[in-house]
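# Examining the three-dimensional arrangement
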Amino acid sequence: MTCRLAILAASVAALVAASLLPGRQARSQPARPAACDSDNGGITLAPGFCATVFADNLGHARHLAVAPNGVVYVNSWSGAYYGFGKVPPDGFLIALKDSKGTGHADIVERFGARLAQGAAGGTGIAFYRDAIYAEEKDKILRYALAPGDIAPKGPPQIVLSGLPLGGDHPMHPFGIDASGNLYVDVGTATNSCQAKNRTLESPGLNPCAELERRGGTWRYDANKLGQKFSPAERFVTGLRNGEGFAFDAAGRLFSTQHGRDQLWQNFPQFFTPRQGADLPAEELVHETRGADFGWPECYFDGMVQKRLVLSPEYGGDGKKIGVCAQKQEPVAFFPAHWAPNDLLIDNYPAFPAAYRGGAFIAFHGSWNRAPEPQGGYNVVFQPLKDGKADAPFVVFADGFAGPVKGPAEAHFRPTGLAAAADGALYIADDVRGRIWRVVYKGGPAGVAPAPSPGAAVSSYGEPEPPEGIHPNAGEIAALPIPPGATEDQVARGARVFHGEVDAGTCAGCHGANAKGTSMGPDLTSPKWIWGDGSLSAIKDIVSKGVPNPKIYPGAMPAKGGADLSAADVDAVAAYVWALSREAARK
C-alpha cells in the first residue's frame, strides 16, 4: 500500500517499537500499487485503493495469516458446515507466495491433514515465532517452519487439545499476541441457551450450563505444548460467537460478536418481523479478563435503546434491561445478522493516517433477515481512538455477493482478513476460495465508503409494485402438481417459501433456489434426510420442524419459526414436493 517514502522513513522507528502483532516485523517497503486488476477482482473499494485476485479456487478459505517474508497462509474448512463443493485431495492448510511481484500467488503448497485422514480443516490460523498455528477439530496445532521453506515439512505439535465440538458454533478462531498469549474463541452450542434450541417460546436455561465450557474466550500459552482445555482458563464470558481477534498498538484485545438469531420467530408476541431482521446488533468488543458481555441473558439493541437488553428467554419483552445493566457493552455495533467473521486492526502507516489503528471487519453476510433483504457480504472500516469508536463505520469493500445477496446465491462471502509486512491487506472468501490483495495506490487521505457495486438485491423480501409480482408464474405452471393439490397451492407455497407472504423463512436456510446452503439441505433432490418424500411426510416435517438435525448445524423450528397457517403449511409442502419431483423427471 503506497505512502510517501519520507513519511514511511520517519515512522519506521516508532513502528518497530509499537508493533504488538505476533510474528510480524516492521514494514520495509510499501506495497506495490502497479499490480492491480482493472476491475479489482470484481469488488469495489474505498477511494484510493485497488486490488488483485491473489489466489482463487482454493476451497472454503477461512482465516489468513501472513509471515514477515510475505508468504500468505490459509486455513480452509469442509465438513457439515459446507454441503457443497469438491474437497481438495491435499491438506486443508495452504501456503501462497507471489515470487514475481505481480500481485498474484504463483507458488501454492498445501500441507496438514487431508480428508482421507479424517480431517475437515478449520478456521483459525496465525503466524508466531517461525511457526504456523492452526485449528483442526478440537486442537490448536503448531507447524514449525525451517529457514527458506514456504510450507512446513514435518508433522505438527499439539499446543492445545480437548476444545468443545459440535452444536451451532463448532469452530475455534484464535489470536496470538506478541507475548505468546493464545486467545481462543469457544462459541456456543445453542442460539440462546433455550431448553429446546431455536424453538418457539422455549425458555432459557437458568443457569445456562454450557457457559461452563463455551460462550467466551479462553487464554493459553502459545509457547507451551500439550495443554488441555478446561473451564479454568476462561478469559471472558458471555460471547455467543467471537470469530475475529485483533490487537491494537497499545496491546488491547478486541473481538467481534455474532448476535443471536430468531427473536421474532421464537417470540412473536414481543417482536415484529422487521424487528426480527434488525435485532440484535453485531458487536465489536474490547476484551479484558473477567468481562461478561451478556449472552445468553442479553442482546444489544442497536435500533432504539442502543444498549444491552434482556432476552425474552429470560423474562425480557424487547424493553426490559434487568441484569444487562451490569454487563459489558460493545465498543461499536453494526447491522443485525451481518455475521462478523474476522477482524483486523492496522497499526502501521501504509494506509493513510485516517485508517491508522482502526478496525477492518469482514462480514460473511446474513441468512436470517427474512422477510427483509439480506445484508452484509462486505468489509467495513470502523475508526477507533484510544480503544473506542471514533466515528461511524463505512463500507470499505463491497460487491462480493454479486447480483444477489443471499447465502445460496452469493458469488463470494468475506471471511478472513490479514495485513502483510509490505502494507497489503488480504481478504479471503469461503465460497470459492478467492483471496484479494488490496493496496493503497494514492489519492484521498480521508476515510470514505466504497462505491456501490450496483444492482445487488436480496434473495427475498424485495418491495413489490401495487399490482404484485409473480416471478415464478412460468416455473409453477411447469411444475408437477401433487395428487390432491392444485396449481394455485403450489404457487402460494412458492411465495411463502420465498418470504413474499406471511413472512416465510424457508429460503433463509434452503436458499432462494431451494438447492440448499450450509444451514439446510437441497430440496430439489429426490433424496430425503427425513421422511419418504411423500406429501404427508413433508407436511409433517414443516409442521413439527427438525429439533435434532442429522447433518446440518441448526435446528429447524416448527413452521420454520414463522406464524404459518395450516393452509400455508399445505402450500409449502406442495411446492417442495413439486420441486423434488421436477428434478427427478428431468
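Note that the structure is a prediction, hence the values are computed from the model and not measured.

Our focus in this paragraph is the environment of Ala450. Locating Ala450 in the fold gives a position in the loop between strand E31 (435–440) and strand E32 (457–458). Measuring from C-alpha to C-alpha, the distance between Ala450 and Gly399 comes to 9.5 Å, with 51 residues separating the pair along the chain. Each residue touching Ala450, except ones within four places of it in the same chain, is listed here: Thr44, Leu45, Ala46, Val395, Phe396, Ala397 and Asp398.

Now for the confidence of the model for the protein chain. In this model, the protein chain carries a mean pLDDT of 87, and residues with pLDDT of at least 70 account for 87%. The low-confidence segment residues 1–30, where pLDDT is below 50, has 74 contacts with residues more than four positions distant or belonging to other chains. Under a pLDDT of 50 for its full length, residues 459–477 has, in the predicted model, 35 contacts with residues more than four places off or in other chains.

The strands making up a sheet are joined through hydrogen bonds of the backbone, oriented either antiparallel or parallel. Read from one edge to the other, the open sheet built from four strands follows the order E2-E31-E30-E29, with strand pairing classed as antiparallel. Each having just a single partner strand, strand E2 (49–55) and strand E29 (414–419) make up the two edges of the open sheet. Strand-to-strand twist in this sheet, taken as the mean axis angle between neighbours without regard to direction, amounts to 25 degrees. Bridge analysis of E2 against E31 gives six bridges, and the strand direction is antiparallel.

The biggest cluster of nonpolar side chains holds 25 residues, and the ones touching the most others in it are Phe49, Phe360, Val379 and Phe396. Where this core is concerned, the elements lending two or more residues are E2, strand E23 (359–363), strand E24 (378–382), strand E27 (394–398), E29, strand E30 (425–429) and E31. Formed by 24 residues, the second largest nonpolar core is a distinct cluster that contains Phe497, Ala514, Ile538 and Val572.

Before going further, it helps to examine unusual backbone geometry. Cis peptide bonds are those with omega within 30 degrees of zero, and the linkage from Asn206 to Pro207 qualifies with 10 degrees. Within the secondary structure, Pro207 is located in the loop between strand E12 (181–186) and strand E13 (216–221). At the junction of Trp295 and Pro296, the peptide bond is cis and its omega measures out at 5 degrees in the coordinates. Within the fold, Pro296 resides in the loop between strand E18 (282–287) and strand E19 (298–301). Even without a glycine there, the phi angle at Ala339 is positive, about 70 degrees. The exposure class assigned to Ala339 is buried, which follows from its relative accessible area of 10%.

Of all five residues in strand E17 (residues 253–257), five are buried; the element is thus mostly enclosed. Here E17 shows two buried faces, one formed by Leu253, Ser255 and Gln257 and the other by Phe254 and Thr256. Pairing geometry for strand E16 (residues 245–247) and E17, over three bridges, is antiparallel. Looking across to E17, one finds that Ala246 is bridged to Phe254. Counting the residues in the hairpin turn of E16 and E17 gives five residues, including Gly251, whose phi is positive at 90 degrees. Sheet topology note: the E17/E18 ladder contains five bridges and is antiparallel. Within E18, the position partnered with Thr256 by the bridge is Leu284.

With that settled, the discussion passes to the pattern of salt bridges. Enumeration over the complete set of coordinates arrives at 19 salt bridges. Residue Arg198 is joined to Asp261 by a salt bridge in which the shortest nitrogen-to-oxygen separation is 3.0 Å. Taken together, the positions of Arg198 in the loop between E12 and E13 and Asp261 in the loop between E17 and helix H2 (263–266) put the pair 63 residues apart, joining distant regions of the chain. Judged by relative accessible area, Asp261 falls into the buried class, the value being 7%. Between Lys539 and Asp570 there is a salt bridge, with its nearest N and O atoms 3.7 Å apart. Of this pair, Lys539 sits in helix H7 (residues 535–544) while Asp570 sits in helix H8 (residues 566–585), and the two are 31 residues apart along the sequence. Residue Asp570 is classed as partly exposed on the basis of its relative accessible area, which comes to 26%. Members of the salt-bridge network, linked through shared partners, are Asp168, Arg198, Arg240 and Asp261.

What follows covers the state of the cysteines. A full pass over the atoms with the stated rule returns three disulfides. A sulfur-sulfur separation of 1.9 Å characterises the disulfide bridge that pairs Cys36 with Cys50. Between Cys36 and Cys50 the disulfide shows an S-S torsion of about 55 degrees. By sign, it is right-handed. Highlighted residues: Cys36 in the loop between helix H1 (5–18) and strand E1 (44–45) and Cys50 in strand E2, separated in sequence by 14 residues. Residue Cys193 pairs covalently with Cys208 via a disulfide, S to S 2.1 Å. Here the disulfide of Cys193 and Cys208 is right-handed, its torsion about the S-S bond being about 105 degrees. Remark: Cys208 occurs in the loop between E12 and E13 and Cys193 occurs in the loop between E12 and E13; sequence separation between them is 15 residues. Of the two residues, Cys193 and Cys208, neither departs from the other in class, the shared state being buried. Sequence-ordered numbering of the bonded cysteines in the protein chain gives a disulfide pattern of 1-2, 3-4, 5-6. There is no disulfide at Cys506, and the cysteine sulfur nearest it, in Cys509, is 9.1 Å away. Residue classification places Cys506 among the buried residues on the basis of a relative accessible area of 18%.

Scoring rules and cut-offs
Residues numbered from 1 in each chain as written. Predicted model: local features only at pLDDT ≥ 70, side-chain atom pairs only at ≥ 80, totals over all residues. Heavy atoms only, no water. Helix = DSSP H or I, 4+ residues; strand = E, 2+ residues; numbered from the N terminus. Contact = heavy atoms within 4.5 Å. pLDDT = per-residue confidence, 0-100. Pairing = 2+ DSSP bridges. Axes fitted to C-alpha atoms, helices over the stretch in contact; angles between N-to-C directions. Core = buried A, V, L, I, M, F, W, Y, C linked by side-chain atoms within 4.5 Å. Buried < 20%, exposed > 50% of the residue type's maximum accessible area, 1.4 Å probe, protein only. Salt bridge = Lys/Arg side-chain N within 4 Å of Asp/Glu carboxyl O. Disulfide = S-S within 2.5 Å.

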